[in-house]
Amino acid sequence: SIRCQSTSTDEQKTRNLLDNASNLLTNLLSGGNLGSMPTAEGAVSDLFGKPLFFSLYDWFLEHGSVYKLAFGPKAFVVVSDPIVARHILRENAFSYDKGVLADILEPIMGKGLIPADLDTWKQRRRVIAPGFHALYLEAMANVFTDCSERSILKLEKLLKGELLRGGKEIELDLEAEFSSLALDIIGLGVFNYDFGSVTKESPVIKAVYGTLFEAEHRSTFYIPYWKFPLARWLVPRQRKFHNDLKIINDCLDGLIRNAKETRQETDVEKLQQRDYSNLKDASLLRFLVDMRGADVDDRQLRDDLMTMLIAGHETTAAVLTWAVFLLAQSPSKMKKAQAEIDQVLGQGKPTFELLKRLEYIRFIVVEALRLYPQPPLLIRRSLKSDVLPGGYKGDKDGYTIPAGTDIFISVYNLHRSPYFWENPNEFEPERFSVQRTNEDIEGWAGFDPSRSPGALYPNEVISDFALLPFGGGPRKCVGDQFALMESTLALAMLLQKFDVQLKGSPESVELVTGATIHTKNGMWCKLKKRSSYDPASV
Ligand code: HEM
């Protein structure tokens, strides 16, 4: 379903000529110069057997930081440059919408923030973003540690059983464990619902996984066949998808009904200052309903919750998976991480305050996001003609793009750009403690932590858009601090108790991508008790 322009046959040559002519015409009509943009000339085989973002990276090195890729009958512009990304995401953000992504996600997330049209987005972002205030995040630290503790306890029990049988270690798929942990956390944090997926299965959990699976399938399937009339009744996987959606929607509707019935009206400031230590339900749903409960329609609230459930689940599970994958290949960095954990936490439980002292673990989390960004591509479509600034490599003069141009901002390419990172493909969490001033790259301000005072984690402001783990500009992730804290605390608690090794070689862990980069068959690891810690005493 994916085609890159190939020069192998006459037919394809003719098609290329026609494509180029049509692009040229479009560009001339819109005043654009897309026709002069370098075009990826890979073979179809480049796109099979390996994830798309690997090919996009090779073409970035070959063609420069802005190039064109034919994708089926359509052309996409691939951007791998911080200066151009900053323009699209921040400086001229409202000239773009989510394009193809919105088409794919709308049936699942409705008018939730990710696919929302601009008017709905403006209204809902204003309501949702204040929900992630400092006291809420502090309260969430307890949810993160309680849920992580449940996961650790499960692993300890498994290990204890193995020790009793004379074994020394357990083997298990840590990606699956992280997925359960992240689902439990997002359920409690966003709508105070305990999926309990670390220890059990339920129809709702199965429905969530079914829906995620479908979202992923749709994001890699070129023809939106699910939009054809009758598809939802005739195609079995579409029938299942609609059943899954109904199960989740019924569950969310029940939670919304309950939150509305128990609503206590108060104003935003009071809500943001309330005593979360005594609050039974600190969830975002509680905040959203208490703040504007009566006038938010249930459908919109449900779309918001569904969006956050999907946006915050697999992404966080993936960060934890890749952080462990990278650490397991670097024993010295693993030791350094565990030494920091021992020094800051000892055998105790992490807290919001202690997190501030876990600097190396925080850098590991961001470095995992740099090397394996979730999602690896940000998708946009221009709503009007726009002039892109010149990027750093290969496209000095910039391009004028017509309205309706589909764009991939390759965060993967940006994060591994040899022009902006030293040793871009190496796992070096230490890189974030070094400030990099910039004299040689026009238009890029360098890497400078003082640009974002008080930030615990490196971000797009500090890196002037060379690091975009949560996007940037007005549509930046609302859950970034939630996700970073969650990942840091969960990783610290795992490494506090266990030594982790990969079961097979790193190469045997195959990658696949949909919305996130994840493994093909799980990340199988061997877990041993840490020498200073004895799970037999549990
Ligand atoms: C948007 C990444 C966790 C909710 C985004 C975007 C990125 C991202 C890159 C921007 C998408 C774009 O510009 O097209 C991540 C990563 C996460 C994570 C890597 C975990 C490590 C979460 C969590 C939540 C969340 C935990 C909610 C609790 C959202 C929402 C948006 C969003 C609602 C849309 C924002 C808007 O358009 O206004 N996320 N996210 N994310 N994320 Fe996250």
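None of these values were measured; they are calculated from a predicted model. Numbering of residues starts from 1 in every chain and runs along the sequence as written. Only residues with pLDDT of at least 70 are given local features in this predicted model, and only at 80 or more are side-chain atom pairs given and counted; all residues enter the totals for whole chains, interfaces and linings.

Engineer: Let's hear about the overall build of the protein chain: which residues, and what values?
Structural biologist: Only DSSP runs of H or I reaching four residues or more are called helices, and only runs of E reaching two or more are called strands; each is numbered from the N terminus. If you tally the helices and strands in the protein chain, you get 18 helices and 12 strands. Residue burial here comes from a neighbour count, namely the number of other C-beta atoms, placed from the backbone, that lie within 10 Å of the residue's own C-beta, with 20 or more meaning buried, 12 or fewer meaning exposed, and in between meaning partly exposed. Taken across its 538 residues, the protein chain has 44% of its residues classed as buried. The contact criterion used here is simple: two residues whose C-beta atoms, placed from the backbone, lie within 7 Å are in contact. Taking as baseline every contact in the protein chain between residues at least 6 positions apart, the subset at least 24 positions apart corresponds to 75%.

Engineer: Now, about the site of the ligand: what can you tell me, with residues and values included?
Structural biologist: Using the backbone to place each C-beta atom, any residue with that atom within 6 Å of a molecule or strand is considered near it. Around the ligand sit 22 residues in total, of which G312, G471, C477, G479 and A483 are the nearest. Listed by contribution, the elements that provide at least two residues to the shell around the ligand are α13 (298-328) and α18 (480-497).

Engineer: Any details on the confidence of the model for the protein chain? Residues and values, ideally.
Structural biologist: Overall, the predicted model of the protein chain reaches an average pLDDT of 86, with 84% of residues at or above 70. Contacts for the low-pLDDT stretch residues 16-21, under 50 throughout, to residues beyond four places or in other chains number three contacts. Our summary of model confidence lists the complex with pTM equal to 0.90 and ipTM equal to 0.99. pLDDT expresses, on a scale from 0 to 100, how confident the predictor is about each individual residue.

Engineer: Any chance you could break down the UniProt feature "binding site: heme" (unreviewed entry) in the protein chain for me, citing the residues and the numbers?
Structural biologist: UniProt positions are given in the numbering used here, feature names are shortened, and annotations may be inferred rather than shown by experiment. Residues annotated in UniProt with the feature "binding site: heme" (unreviewed entry) correspond here to C477. Secondary-structure assignment places C477 in the loop between α17 (411-415) and α18. We classify C477 as partly exposed; it has 18 C-beta atoms within 10 Å. If near-sequence neighbours (up to four positions away) are discounted, C477 is found in contact with F470 and G471.

Engineer: Please give an account of helix α2 (residues 52-63) that cites residues and values.
Structural biologist: In a helix, the anticipated span is given by 1.5 Å times the number of residues less one. Over its 12 residues, α2 runs 16 Å from end to end, which matches the ideal 16 Å to within 8%, given 1.5 Å per residue. One or two residues past the end of α2 sits G64, with phi positive at roughly 105 degrees.

Engineer: So what about helix α14 (residues 331-345)? Which residues, and what values?
Structural biologist: Counted at 1.5 Å a residue, the expected span for α14 with its 15 residues is 21 Å, and the 20 Å between its end C-alpha atoms agrees. Listing the buried residues of α14 in full gives A337, Q338 and I341. Mapping the buried residues of α14 onto a view down its axis gives an arc of 95 degrees, with all of them on the same face. Away from the buried face of α14 by more than 90 degrees, exposed residues S332, K335, A339 and Q343 are located. Where α14 is buried, its residues meet α13, α16 (359-371) and α18. One or two positions beyond α14, positive phi appears at G346, with a value near 55 degrees. Arc definition: directions from the helix axis to the C-beta atoms.

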